[in-house]
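Each chain, written out:
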Amino acid sequence: MLQIATGDPRPISKQIVDAVRMKIATAELSPGDQLPSVRGLAQQLTVNPNTVAKAYAELTAEGWVESRQGLGLYVAPPRQRLSDAERSRRLDEAIQRFLHEVIQLDFAPDEVQARLVHEFLALAPRKSA
């Protein structure tokens, strides 16, 4: 279901959170889908169960997943998790981080834009399916 990269500078729990968010955002995981148990995902990824539990706790706190007593964790129904102002602020922040990383690669702006469009379009079929 999920993969982690040992060379990734992000902590493993953050990689898990980001991967689950992406799968939900692209509709690879739909509302009501069950996530693997903490122990099951930890074994699959060969990580400490506490790491998975930490990631799941963050996803639950943010409203991406919900716990069903005695049944496990499930993808929560869609809802706006952030205010419009906070969403806009985070988008601006992400764009600034992206620009600071990309500017030093010395690509023409239209090349960067074309690649971004390509990546968004690659996500679209999964999201609309």
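Residues numbered from 1 in each chain as written. Predicted model: local features only at pLDDT ≥ 70, side-chain atom pairs only at ≥ 80, totals over all residues. Heavy atoms only, no water.

Peer 1: What's the story with unusual backbone geometry in this structure? I'm lost.
Peer 2: Glycine aside, negative phi is the norm for most residues, and most peptide bonds take the trans geometry. Notably, Ala27 is not glycine yet its phi reads approximately 65°, a positive angle. Phi at Asp106 is positive, roughly 60°, even though this residue is not glycine. When you line up the elements, Asp106 lands in the loop between helix H4 (84-102) and helix H5 (109-128). (Helix = DSSP H or I, 4+ residues; strand = E, 2+ residues; numbered from the N terminus.)

Peer 1: Sorry if this is basic, but what is going on with the nonpolar core here?
Peer 2: Across soluble globular proteins, nonpolar side chains have a tendency to be buried as a group. In this structure, Ile16 and Val20 are the most contacted members of the largest nonpolar core, which totals 20 residues. Among the elements of the structure, helix H1 (12-25), helix H2 (38-45), helix H3 (49-61) and strand E2 (72-75) are those that each provide at least two residues to this core. The biggest single contributor to this core is H1, with five residues. If we ignore the near neighbours within four places in the chain, the residues touching Val20 are Leu2, Leu29, Leu35 and Leu59. (Core = buried A, V, L, I, M, F, W, Y, C linked by side-chain atoms within 4.5 Å. Buried < 20%, exposed > 50% of the residue type's maximum accessible area, 1.4 Å probe, protein only. Contact = heavy atoms within 4.5 Å.)

Peer 1: Can you walk me through the confidence of the model for the chain in this structure?
Peer 2: Predicted coordinates in regions of low pLDDT should not be interpreted in detail. For the chain, the mean per-residue pLDDT works out to 88, and 95% of the residues sit at or above 70. The lowest-confidence element of the chain is H5, averaging 80 in pLDDT; the highest-confidence one is H3, averaging 95. (pLDDT = per-residue confidence, 0-100.)

Peer 1: Could you clarify how one ought to interpret the side chain of Arg21 in this entry?
Peer 2: Checked against the element boundaries, Arg21 lands in helix H1. A relative accessible area of 19% means that Arg21 is categorised as buried. When sequence neighbours within four positions are dropped, the list of residues in contact with Arg21 reads Lys14, Glu58, Leu59, Glu62 and Trp64.

Peer 1: Help me understand the UniProt feature "domain: HTH gntR-type" (unreviewed entry) in the chain in this model?
Peer 2: According to UniProt, the positions carrying the feature "domain: HTH gntR-type" (unreviewed entry) are residues 10-78. End-to-end, the C-alpha atoms of residues 10-78 are 26 Å apart, and along that stretch the chain is 51% helix and 12% strand. (UniProt positions renumbered as here; feature names shortened; annotations may be inferred.)

Peer 1: Even after reading the chapter, I still don't get the pattern of salt bridges, so can you show me in this structure?
Peer 2: For side chains bearing opposite charge, pairing can occur when the charged atoms are close. The tally for this structure, following the rule as stated, stands at 14 salt bridges. Salt-bridge contacts for Arg21 lead to Glu58; the nearest nitrogen and oxygen are separated by 3.4 Å. Residue Arg21 is found in helix H1, and its partner Glu58 is found in helix H3; the two are separated by 37 residues along the sequence. A salt bridge links Arg97 to Glu93; the nearest nitrogen and oxygen atoms lie 3.4 Å apart. Linking Arg97 with Glu93, this pair stays in helix H4, spanning four residues, or about one helical turn. A relative accessible area of 38% means that Glu93 is categorised as partly exposed. (Salt bridge = Lys/Arg side-chain N within 4 Å of Asp/Glu carboxyl O.)

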